[in-house]
Amino acid sequence: MNKDFEAVSSNKWIASERGNKNTVDHNRPYAWLVEKERSIDGKIEDTAIIFLTNKECPFKCLMCDLWKNTTDRTVPVGAIPEQIEWALSQMPSAKHIKLYNSGSFFDEKAIPVADYGTIATLLEDFETVIVESHPKFITEKCLGFRDMLKPRLEVAIGLETVHPEVLLKLNKSMTLGDFSKSVDFLSQNKISSRAFILLKPPFLSEEEGIHWAKRSIDYAFGRGVECCTVIPVRGGNGAMEHLHKMGHFEVPEIQSLETVLEYGIQLRLGRVFADVWDLSLFSKCDNCLEARTKRLEAMNLTQSIGKEVACECRPTV
């Protein structure tokens with residue numbers, strides 16, 4: 001661990017390394033899609049995902065690039081429901097929906113509280129609504145939104161890593177205690193939670209990245225989380241490129257993602273998913289990329305460990 005970056009991982013430095021934001025429209029989500037996901041009862045069902053356009057998150061995490069599709073100001077009341085209504089008109093029907101907003105759903109500067117009722121009405125035909133939030137926004141406000149909803153509410157929280165030094169350097173403004181307290185609060189109020197876990201954040205070797213991702217899964221399930229999603233860390237936000245040049249960050253290998261997913265699934269403590277977006281970034285071999293991608297996708301859906309991929313780049317044992 002290099003202590004030189006204890007002061008560098010700050011809002012000012014992270015923001016100084018950024019490029020420009022993308023042009024967005026506060027009346028339209030910046031992306032939307034439908035994907036299949038294994039539900040809590042073991043069914044493979046369609047899940048709609050809407051990436052809402054709203055004010056930038058107040059926390060400037062070292063590895064985050066979600067600020068690229070945000071506004072500088074709070075969007076007007078009515079804009080978020082309009083985004084949701086429009087996106088739903090573009091997509092096929094689904095049983096579950098994720099409202100991801102590049103920050104925290106319960107941050108009233110991102111999602112106006114005055115819109116909660118309209119949002120709940122728009123979502124009444126779904127079975128599950130999944131939103132994301134930083135622990136500092138998980139308060140009684142969550143219960144008000146839950147009570148408006150007909151579907152079951154689930155909250156995704158970025159645990160990131162249980163490595164104490166690395167978590168501090170990520171500039172997330174969160175402790176493990178904050179995470180645990182939030183999960184407890186949600187559980188006590190009959191709201192399920194899922195954790196986002198990073199595979200190989202900065203300052204860790206490949207082996208350390210695997211080890212700490214596994215320990216993070218252990219911690220999340222030990223605190224009562226129902227589902228974990230493992231996200232391989234990538235570049236693209238300026239700060240990560242700087243760390244790469246300094247020798248403090250390399251993207252993880254796709255095989256490491258397989259290893260961590262296998263570990264999480266075999267625990268049988270809850271669902272464990274691998275983020276399979278743009279896996280070519282993590283592959284050093286074109287010959288086995290497609291097979292490894294299909295294996296990860298299959299393990300996500302079946303929650304069983306698939307046959308290992310044999311390739312000259314890394315033969316199976």
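To be clear, the structure that these remarks concern was listed above.
Enquirer: Looking at this structure, how should I read the overall build of the protein chain?
Expert: When helices and strands are counted, the protein chain shows ten helices and eight strands. Counting only residues that meet the buried cut, the protein chain has 53% of its 317 residues in that class. Counting contacts in the protein chain only where the partners sit at least 6 residues apart, residues at least 24 apart contribute 76% of the total. Accessible surface, the protein chain: about 14,400 Å² in total, of which carbon and sulfur atoms supply 50%. The protein chain carries 39 positive and 45 negative side-chain charges, and their two centres are separated by 2 Å.

Enquirer: Explain the packing of helix H7 (residues 206-222) against helix H9 (residues 254-267) here, please?
Expert: Geometrically, a packed helix pair is captured by the angle between its two axes and the distance between the axes. Interhelical geometry of H7 versus H9 gives an angle of 25° and a closest axis separation of 10 Å. By the angle between their axes, H7 is roughly parallel relative to H9. The handedness of the crossing between H7 and H9 comes out as right-handed. Contacts from Glu-206, Ile-210, Ala-213, Lys-214, Arg-215, Ile-217, Asp-218 and Phe-221 of H7 reach H9 at Ser-256, Thr-259, Val-260, Tyr-263, Gly-264 and Leu-267. Its residues placed into classes, the contact of H7 with H9 shows seven nonpolar, three polar and four charged.

Enquirer: I keep staring at the sheet that holds strand E3 (residues 96-100) and nothing clicks. Help me out?
Expert: One open sheet accounts for eight strands, arranged E1-E2-E3-E4-E5-E6-E7-E8; its pairing is mixed. In the strand order of this sheet, the two ends are held by strand E1 (31-38) and strand E8 (271-274), each with one partner. With direction set aside, neighbouring strand axes in the sheet form an average angle of 25°. Both strand E7 (residues 227-232) and E8 contribute to a ladder of four bridges, which runs parallel.

Enquirer: Help me understand the nonpolar core, please; the structure alone is not making it clear to me.
Expert: Where a protein is soluble and globular, its nonpolar side chains tend to be buried together. If you look at the biggest cluster of nonpolar residues, it comprises 67 residues, and the most contacted ones within it are Leu-99, Phe-105, Phe-106, Ile-119, Leu-123, Val-155 and Phe-179. Core analysis: the second largest hydrophobic core is formed by 15 residues, Met-63, Leu-170, Leu-198 and Phe-249 among them.

Enquirer: Is there a simple way to think about unusual backbone geometry in this case?
Expert: A negative phi angle is the norm for most residues apart from glycine, just as the trans form is the norm for most peptide bonds. Unusually for a residue other than glycine, Asn-171 sits at a positive phi of about 60°. Despite not being glycine, Lys-190 shows a phi value in the positive range, around 60°. Within the secondary structure, Lys-190 sits in the loop between helix H6 (176-188) and strand E6 (192-199).

Enquirer: Got a minute to help me understand H7 in this structure?
Expert: Given a rise of 1.5 Å per residue, 17 residues ought to cover 24 Å, and the 24 Å separating the end C-alpha atoms of H7 matches this to within 8%. Among the residues making up H7, those that are buried are Glu-206, Gly-209, Ile-210, Ala-213, Ser-216, Ile-217, Tyr-219, Ala-220 and Phe-221. Among the residues trailing H7, Gly-224 stands out with phi positive, at a value near 105°.

The rules we used
- Residues numbered from 1 in each chain as written.
- Predicted model: local features only at pLDDT ≥ 70, side-chain atom pairs only at ≥ 80, totals over all residues.
- Heavy atoms only, no water.
- Helix = DSSP H or I, 4+ residues; strand = E, 2+ residues; numbered from the N terminus.
- Buried < 20%, exposed > 50% of the residue type's maximum accessible area, 1.4 Å probe, protein only.
- Contact = heavy atoms within 4.5 Å.
- Areas by Shrake-Rupley, 256 points an atom, 1.4 Å probe, with all protein chains shown as cover.
- Lys, Arg positive; Asp, Glu negative; His and termini not counted.
- Charge placed at Lys NZ, Arg CZ, Asp CG, Glu CD.
- Axes fitted to C-alpha atoms, helices over the stretch in contact; angles between N-to-C directions.
- Parallel < 35°, antiparallel > 145°, perpendicular 65-115°, else oblique.
- Left-handed = near helix turned anticlockwise from the far one by under 90°.
- Nonpolar A, V, L, I, M, F, W, Y, C, P; charged D, E, K, R; others polar.
- Pairing = 2+ DSSP bridges.
- Core = buried A, V, L, I, M, F, W, Y, C linked by side-chain atoms within 4.5 Å.
- Expected span 1.5 Å × (residues − 1).

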